[in-house]
Amino acid sequence: MEQTFNKNKYAGFIKVVQVIVKVVMIFLYVILGFVALGFVASLIIPNQFLEFDLSVFSQYDFQGINIINAIDPTLLERTVNLKRVMIVMFFVASLNLGFAQFILIHINKLLKNVKEEPFNAQNSIILRNLGIGYVISGIVISLFNEFLRVIVVRTIDIFDTNFDIRLNWQYIFIGVLILILGYIFSYGSYLQEEHDQTV
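The structure displayed is predicted, hence computed values, not measured ones. (Residues numbered from 1 in each chain as written. Predicted model: local features only at pLDDT ≥ 70, side-chain atom pairs only at ≥ 80, totals over all residues. Heavy atoms only, no water.)

### A closer look at the pattern of salt bridges
Consideration 1: Tallying each qualifying case throughout the model produces two salt bridges.
Consideration 2: Between Glu146 and Arg149 there is a salt bridge, with its nearest N and O atoms 2.6 Å apart. On the criterion of helical spacing, the pair formed by Glu146 and Arg149 is a turn pair, its members being three residues apart in helix α3 (residues 121-156).
Consideration 3: Overall, Glu146 belongs to the buried group, its relative accessible area being 4%. (Salt bridge = Lys/Arg side-chain N within 4 Å of Asp/Glu carboxyl O. Helix = DSSP H or I, 4+ residues; strand = E, 2+ residues; numbered from the N terminus. Buried < 20%, exposed > 50% of the residue type's maximum accessible area, 1.4 Å probe, protein only.)

Right, here's the structure in full:
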């Protein structure tokens, strides 16, 4: 049985995905703008405006939470300054959003290229960049997320915590798969060139 390829259906699918990716990219640019403003504001705002009274938590029963042992109620009778937490939080948020935008930009480039010619050298480069980006983010962003968690816990200082290196193995695995796909596209590009030269 001979297989047929519906070019119109393929082009329509690519077009729909491109529109979705572009809408999400615009939305992310807006969020990144707000995060950047928040980061600048957290640097400018005087310390006294970011004092937080922990006594508001005294009405909650922390003893029922499994991850925390009994909390000494006297630890909640003080104020903490959240400026450092806010600065790190906005910085880590911008890293996470920046990575998401990096992914979308590369997907958008890939969609533009595959619409005309799926197997070309440019697509393999885009896929390699995506794969490398995923592997790096699985290490770097994971470390910064953990750093934010430690900063929050140590600022509030209700219980002890240590910096625990937790890599995002899912991102690293996805990155390796995309790198393999990039090499497959590179080989496909080579075969396409060979075929074009033969014809």
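### Here's the deal with the environment of Leu181
Consideration 1: With respect to the helices and strands, the residue Leu181 is situated in helix α4 (residues 169-198).
Consideration 2: Separated by 50 residues in sequence, Leu181 and Gly131 have C-alpha atoms that sit 8.9 Å apart.

### Concerning a positive patch on the surface
Consideration 1: A cluster of basic residues, Lys15, Lys22, Lys109, Lys112 and Lys115, forms a positive patch on the protein surface.
Consideration 2: For the positive patch, the secondary-structure elements that each account for two or more residues are α1 (7-44) and α2 (83-116).
Consideration 3: Sorting elements by how many residues they give to the positive patch places α2 first, with three residues.
Consideration 4: Structurally, Lys112 is set in helix α2. (Patch = residues over 30% accessible without salt bridge, like charges linked within 9 Å, V, L, I, M, F, W, Y side chains within 5 Å. Areas by Shrake-Rupley, 256 points an atom, 1.4 Å probe, with all protein chains shown as cover. Lys, Arg positive; Asp, Glu negative; His and termini not counted. Charge placed at Lys NZ, Arg CZ, Asp CG, Glu CD.)

### Considering the packing of α1 against α2
Consideration 1: Remark: α1 packs on α2, axes separated minimally by 8 Å, with the N-to-C direction vectors making an angle of 160°. Classed by the angle they form, the pair α1 and α2 counts as roughly antiparallel. Viewed along their axes, α1 and α2 form a crossing whose handedness is left-handed.
Consideration 2: Residue composition of the contact of α1 with α2, grouped by class: 26 nonpolar, seven polar and four charged. (Axes fitted to C-alpha atoms, helices over the stretch in contact; angles between N-to-C directions. Parallel < 35°, antiparallel > 145°, perpendicular 65-115°, else oblique. Left-handed = near helix turned anticlockwise from the far one by under 90°. Nonpolar A, V, L, I, M, F, W, Y, C, P; charged D, E, K, R; others polar.)

### As for the side chain of Ser142
Consideration 1: In this structure, Ser142 sits in helix α3.
Consideration 2: Overall, the relative accessible area of 9% leaves Ser142 in the buried class.
Consideration 3: Here the side chain of Ser142 touches Gly138 through a polar contact of 2.7 Å, landing on its backbone oxygen.
Consideration 4: Those residues in contact with Ser142 that sit more than four places away from it in its chain are Ser137, Arg166, Leu167 and Asn168. (Polar contact = N/O pair within 3.5 Å; in protein donor to acceptor, adjacent residues only side chain to side chain. Contact = heavy atoms within 4.5 Å.)

### Looking at the confidence of the model for the chain
Consideration 1: When pLDDT is averaged along the chain, the result is 80, and 80% of the positions lie at 70 or above.
Consideration 2: Within the chain, α1 carries the highest mean pLDDT (89), whereas strand β1 (residues 51-53) carries the lowest (73). (pLDDT = per-residue confidence, 0-100.)

### Quick look at the packing of aromatic side chains
Consideration 1: What the rule picks out here adds up to five aromatic pairs.
Consideration 2: Between Phe99 and Tyr134 the ring centres are 5.2 Å apart and the planes differ by 90°, which places this aromatic pair in the edge-to-face class. Of this pair, Phe99 sits in helix α2 while Tyr134 sits in helix α3, and the two are 35 residues apart along the sequence.
Consideration 3: Exposure remark for Tyr134: the relative accessible area of 15% places this residue in the buried category. (Phe/Tyr/Trp six-rings, centres within 6.5 Å; stacked < 30°, edge-to-face > 60°.)

### A short note on the environment of Val92
Consideration 1: Within the element layout of this structure, Val92 appears in helix α2.
Consideration 2: Given the relative accessible area of 2%, Val92 is considered buried.
Consideration 3: Each C-alpha atom of the pair Val92 and Leu148 lies 7.3 Å from the other, and the pair is 56 residues apart in sequence.
Consideration 4: Setting aside anything within four residues of it in sequence, one finds Val92 in contact with Phe144, Asn145 and Leu148.

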